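Chain and residue survey
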Amino acid sequence: MNLYNGPWTSAEAAHLLRRATYGASFPQIQLAVNGGMHACVAQLLNITPINEPLAYDPGEQIVAFGQSWVNAVYPADVTANQQTEAARRKSLGAWLMQNINQEQLNLTQKMQFFWQNHFGVTSSGDARAMYQFLNLLHQNALGNVKNLVKEVATDPCMLVFLNGSTNTVFSPNENFSRELLELFSIGKGPQVAAGDYTNYTEQDVAEGAKIFTGFIVQGVRSSTQSQVTSQFMPQLHDSSTKVLSYHFGNQTLSANGAQEHLDYIDLIFAQPETAKYICRKLYRYFVNYDISTWVETNIIAAMAQILVNNNYEIAPVLEALFKSEHFYDTSVRGAIIKSPFEAVFSMLNSTGSVVNFDLQTSSQMYLTMYTLADQMGQEYAAPPSVAGWTAYYQAPAFTKLWINSTYLKKRFDVALLMTTNGLTLNNQNFSLNFLGLLNGLSAPAAAPTVIQDLCTVFCPKVIDPADQLYLKSLLTGGLPDFEWTLQYNEYLADPTNPTFYNPVILRVKAVLNTLFRMPQFHVC
């Protein structure tokens, strides 16, 4: 891939931050411009730590309010056990939304969700196990994909989700073996004959099922075990020699106990198509769903070679991609329709709006955001199938699937909510940081510049001059531009006086209410 050597302006920086995060503010975009592309990409590649989710719901029966439950047992009583699980799932959902809202301008949250979609795991029935799985994705978000696949293969959540915990020599189960090949590593490709696909055959699925026999899960919702764990049971493992198909050179795998599946995954990753398959998914997630012949030859092949050359480390691939000439091509800017999470949190994060109340109120507000995204088609940690959300893989529509009559109305409802009354819970109100957004722009007293800056933050596509004039008329109330300058300066002279700041807020609300319903806002 050719290194990008073009102009590095707010347009390019905003494009990068829009794709790599859930939303950047105008000051953050300007810092990225001033620091340069290389420094911006370096910052994005920093993994930031996250705190553990905390108990806040009264259904929690074991740990005290405000304490972590990730290593806590469950009640022995059935009803109390169910109530505790429900409380922990609420806590987990709120925690996920909090992490996105406080992402600290790096790739961690975007990549954690990439892997959630990639592996398609839903709840195992134990919130602790789901936390462990999500934390595994977080820790390896920009790490070694081959090692991550090895870890996920025996993770308790995955073992329960795809029946690996009941896959034994006496009753082989092909679920995980099939999805490992089809979705998690090498990809299926077109069928070339009965039971024979481009990259593997049904023989490989059957042999893979034998390779993964012998792992069990212990401690689900246990009143005595503080974690859900997986364990290898030699007596349940198929110790025969496995013979793979011609796609893998008819290689054999000798019995190797608890390490045998690692040998198999190494063999899968030795196939050139595996790196290409993973890089195609990264490309569709970060650049464009349309992979042309040119992109396949010049971009995917280069990404895959970087992945192989770096022993399957993801960070070097993304570093090269985000510094590539192709990434900043105007044809790919605005080519992707925002996911529900991107739509919701670009409103919050780009305005510097962070929920900051007491634990219970903040958690309930974050859980409300979780529900809003679910109503728009995206429930975190609960993809519709093992393949993830259809918008990331279903041709030819791809991200267009985020928009239908129901989902679009809900997006507009959320935009209206966030630009009018906000969220009110427990007598506390959360709304966008309208004044903080305005004050952070390059020239808040100049109405035309305010509109230009807002378009830079929220819209990858050029806004028609007539639409910009309409947005400006909302800001000025239809009056000459100097009237806005006077109004803003009056507020600036006495910023704590509601007589002056309320009219300013109302004007900004009107602009954002319209902007958040424009097509340009809903692409990135």
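Note that this is a predicted model, so its numbers are computed, not measured. Once a new chain begins, its residue numbering starts again from 1 and follows that chain's sequence as written. In keeping with the model being predicted, local features are shown solely for residues with a pLDDT of at least 70 and side-chain atom pairs are shown and tallied solely at 80 or more, while totals for entire chains, interfaces and linings include all residues. Heavy atoms from the whole structure form the basis of all side-chain values; hydrogens and water molecules are not counted.

What about the nonpolar core?
We call a set of buried residues a nonpolar core when its members are Ala, Val, Leu, Ile, Met, Phe, Trp, Tyr or Cys and they connect through side-chain atoms within 4.5 Å of each other. Each residue is placed in one exposure class: buried if its accessible area under a 1.4 Å probe, protein chains only, is under 20% of its type's maximum, exposed if it is over 50%, and partly exposed if it falls in between. Counting 165 residues, the largest nonpolar core has Met111 and Phe119 as its most contacted members. With residues up to four places along the chain from it excluded, the contact list for phenylalanine 119 reads Phe133, Leu137, Leu148, Val149, Val152, Met158, Phe161, Phe184 and Val386. The contact criterion used throughout is that any non-hydrogen atoms of two residues lie within 4.5 Å.

Topic: the pattern of salt bridges
Each reported salt bridge corresponds to a side-chain nitrogen of Lys or Arg within 4 Å of a carboxyl oxygen of Asp or Glu. Counting across every chain of the model gives 17 salt bridges. The residue arginine 88 makes a salt bridge to glutamate 60 at a minimum N-O spacing of 2.8 Å. Remark: glutamate 60 occurs in the loop between helix H3 (37-44) and helix H4 (78-101) and arginine 88 occurs in helix H4; sequence separation between them is 28 residues. The exposure class assigned to arginine 88 is buried, which follows from its relative accessible area of 0%. Across the salt bridge formed by aspartate 266 and lysine 146, the nearest N and O atoms sit 3.5 Å from each other. Here aspartate 266 is found in helix H11 (residues 260-269), whereas its partner lysine 146 is found in helix H7 (residues 145-153), with 120 residues between them in sequence. A relative accessible area of 13% places lysine 146 in the buried class. Each of Lys146, Lys150 and Asp266 takes part in salt bridges that share partners, so that together they form one network. Note on conventions: DSSP H or I runs of at least 4 residues are helices, E runs of at least 2 residues are strands, and numbering of each starts at the N terminus.

So, the environment of glutamine 394
Topologically, glutamine 394 is positioned in the loop between helix H16 (359-375) and helix H17 (405-418). Looking at glutamine 394, the relative accessible area reads 35%, which means it is partly exposed. Taking C-alpha positions, glutamine 394 is 9.7 Å from tyrosine 289, a pair spaced 105 residues apart along the chain.

Concerning the packing of helix H13 (residues 293-309) against helix H14 (residues 314-322)
The axes of two packed helices give the description: the angle between them and the distance between them. Look at H13 against H14: their axes get within 8 Å of each other, and the N-to-C directions meet at 145°. As for the relative orientation of H13 and H14, their crossing is right-handed in sense. Across the interface between the two elements, Met303, Ile306 and Leu307 of H13 pack against Ile314, Pro316, Val317, Ala320 and Leu321 of H14. For this scheme, ten residues count as nonpolar: Ala, Val, Leu, Ile, Met, Phe, Trp, Tyr, Cys and Pro. Four count as charged, namely Asp, Glu, Lys and Arg, and the remainder, Gly too, count as polar. When the residues that make up the contact of H13 with H14 are grouped by side-chain class, the tally is eight nonpolar, no polar and no charged. Geometry is summarised by axes, namely lines fitted to C-alpha atoms with helices restricted to the contacting stretch, and by angles between N-to-C directions that run from 0 to 180 degrees. Handedness of each helix crossing follows the sense of rotation of the near helix against the far helix: counterclockwise by less than a right angle gives left-handed, clockwise gives right-handed.

Some details on the packing of aromatic side chains
What counts as a ring pair is set by centres within 6.5 Å for rings of Phe, Tyr and Trp (its six-membered ring), and what kind of pair is set by the plane angle: stacked under 30 degrees, edge-to-face over 60, tilted for all other angles. Using the criterion set out here, one finds 30 aromatic pairs in the structure. Ring geometry for phenylalanine 113 against tyrosine 392: centres 6.1 Å apart, planes inclined by 55°, an arrangement best described as tilted. You can see phenylalanine 113 sitting in helix H5 (residues 108-119) and its partner tyrosine 392 sitting in the loop between H16 and H17, a full 279 residues away along the chain. Here phenylalanine 113 and tyrosine 392 have matching classes, each one buried. Consider the ring centre and the ring normal. A charge sits over the ring if Lys NZ or Arg CZ is within 6 Å of that centre and within 35 degrees of that normal. For the cation-ring pair, lysine 188 lies above tyrosine 197, with the distance from its terminal atom to the ring centre recorded as 4.5 Å. Positioned above the aromatic ring of phenylalanine 521 is the side chain of lysine 338, whose terminal nitrogen or guanidinium carbon lies 3.7 Å from the ring centre.

Thoughts on unusual backbone geometry
Across the junction of alanine 395 and proline 396, the peptide omega takes the value 0°, indicating a cis bond. Note on placement: proline 396 falls in the loop between H16 and H17. Here arginine 221, not a glycine, exhibits a phi torsion of approximately 50°, which is positive. Relative to the helices and strands, arginine 221 resides in the loop between strand E3 (215-218) and strand E4 (229-232). A residue is classified by how much of its surface remains accessible, and arginine 221, at 25% relative accessible area, is partly exposed. Phi at asparagine 427 takes a positive value of approximately 65°, unusual for a residue other than glycine. Here asparagine 427 lies in the loop between strand E7 (423-425) and strand E8 (428-430).

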